[in-house]
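Working through the structure, step by step
Listed below, chain by chain, are the residues.
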Amino acid sequence: MSDLTITNLSKSFGSHTALRDISIDVKSGEFICLLGGSGCGKTTLLRLIAGLETHDQGALLLAGKDLTQVPSHKRNIGMVFQSLALFPHLNVAGNVAYGMKLAGVQKEDIAARVSSLLDMVGLSGLENRSATALSGGQRQRVAIARALALQPDVFLMDEPFSALDAGLRDQMQEEVKRIQRDLGVTTVFVTHDQREAMALADRIVVMNGGVIEQAGPPDELYARPKSRFVAQFIGINNLFDVAGQPTIAVRPEAIGLATDGAGPRGTITRQRRLGALMEREISVGAQTIFQSEFAGKGPSFDDGASVVLSWSADQAWALPA
Ligand SMILES: Nc1ncnc2c1ncn2[C@@H]1O[C@H](COP(=O)(O)OP(=O)(O)OP(=O)(O)O)[C@@H](O)[C@H]1O
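Now for a description of the structure that goes with this document.

1. Here we look at the overall build of the protein chain
Secondary structure assignment for the protein chain yields eight helices and 18 strands. Per-residue burial over the protein chain gives 35% buried out of 321 residues. For the protein chain, long-range pairs separated by at least 24 residues make up 63% of all intrachain contacts whose partners lie at least 6 apart in sequence.

Okay, here's the thing in structure tokens:
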């Protein structure tokens, strides 16, 4: 069991509060993504879990055991941080074996384990390649194998794929998800990319200014954002403000268009077809509303057409004040 329990954790740097009252129960085997913009405290939270910083207040428990006094190297945590480079003087196998040697694992066991780890990350055959002669994706694979070598209770990753191009990033996301599921390792992954969080997480924790805005499964955040910040951060959400009433969030794909009827009226300012999808921008008063649908599903309109927007009540979500 490796439940990670974070309770009312706070951390300040001088007068700056980086984290305030953070509570998350990460279940054993769960994949959590910390999602938020620059400076919201994601990395600080990861560093507290890793023991690279100490918290000011609150509690951090792993499988019920208080981690406060446990030094970083005794926490049995595997890390892939952007800044944690490979050892350049070692080859691939040497990098993966490094922690096991330090931990006193038997030589034969190390060799077998290196081989199975490299197999897991798709690098079999590259054992003797220098760490300096690897592509970006290969370097990340070695870093992942190295981090998982000692079968950690918790696997921490901080924006590991942000330097990779889009195609490779998608591929690495799929592989990390597969590896994480196969091993069942409790994982906390930091990203500022909502698509990455959606693709990976069992549960997303949206952070803003050192506090948690909302935590929940991707579908729940997507369909039922609790605040304007989450609605906008998690993807394009159209927000309708009517004086004296709660703001209504409506997803682009929930909006239907017609020439007549009841509902807000607007003008199509832009439309483009992306493969099977038609995407439109519609100006309604001073607001731009996004609408999307399968091309050909609804009526077609000329650019500049005047249209009425509608959606069914169950597709609209009133944001709590
Ligand atoms: N060692 C430190 N000393 C002083 N301030 C710090 C320190 N580490 C972080 N901070 C501050 O704490 C806040 C949170 O930083 P953190 O690195 O956790 O943000 P982040 O969400 O990971 O952002 P990014 O995505 O840009 O890395 C920032 O305002 C940052 O400047």
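Now that the structure is up, let's keep going.
2. What about the environment of Arg-273?
Residue position: Arg-273 is located in strand β14 (residues 265-274). A count of 10 C-beta atoms within 10 Å places Arg-273 in the exposed class. In this structure the C-alpha to C-alpha distance between Arg-273 and Ala-223, which are 50 residues apart in sequence, comes to 24 Å. What Arg-273 contacts, discounting residues up to four positions off in sequence, is Met-278 and Ala-295.

3. Section: the sheet that holds strand β8 (residues 186-191)
The six strands lie next to each other as β6-β7-β8-β3-β9-β10, forming an open sheet whose pairing is mixed. Of all strands in the sheet, those bounded by a partner on one side alone are β6 (77-81) and β10 (211-216). Averaged over neighbouring strand pairs, the angle between their axes works out to 15° when direction is ignored. Note: strand β7 (residues 154-158) against β8, five bridges, orientation parallel. Counterpart to Leu-156 in the pairing with β8 is Val-188. Docked against the sheet, helix α4 (residues 136-148) engages β6 and β7, running at close to 165° with respect to β6.

4. Points about the sheet that holds strand β18 (residues 316-318)
Strand order in this open sheet of three strands is β11-β12-β18, and the pairing throughout is antiparallel. The two strands at the open ends of the sheet, each matched to only one other strand, are β11 (238-240) and β18. Taken over all neighbouring pairs, the strand axes of this sheet differ in orientation by 30° on average, direction set aside. Of the pairings in the sheet, the one linking β11 to strand β12 (residues 248-250) comprises three bridges and is antiparallel in character. Directly across from Asn-238, in β12, lies its bridge partner Val-250.

The rules behind the values
Per-chain numbering applies: the sequence of each chain, read as written, is numbered from 1 onward. pLDDT decides what is reported in this predicted model: residues at 70 or higher carry local features, side-chain atom pairs at 80 or more are listed and counted, and totals for whole chains, interfaces and linings draw on all residues regardless. Per the convention used, a helix needs a DSSP run of H or I reaching at least four residues, while a strand needs a run of E reaching at least two, with both numbered from the N terminus. Each residue is classed by its C-beta neighbour count within 10 Å, where at least 20 other C-beta atoms makes it buried, 12 or fewer makes it exposed, and intermediate counts make it partly exposed; the C-beta atoms are placed from backbone geometry. A residue pair is marked as a contact if its C-beta atoms, positioned from the backbone, fall within 7 Å. In this analysis, strands are considered paired if DSSP registers two or more bridges between them. Note on geometry: axes are lines fitted to C-alpha atoms, helical ones only across the stretch in contact, with angles between N-to-C directions running from 0 to 180 degrees.

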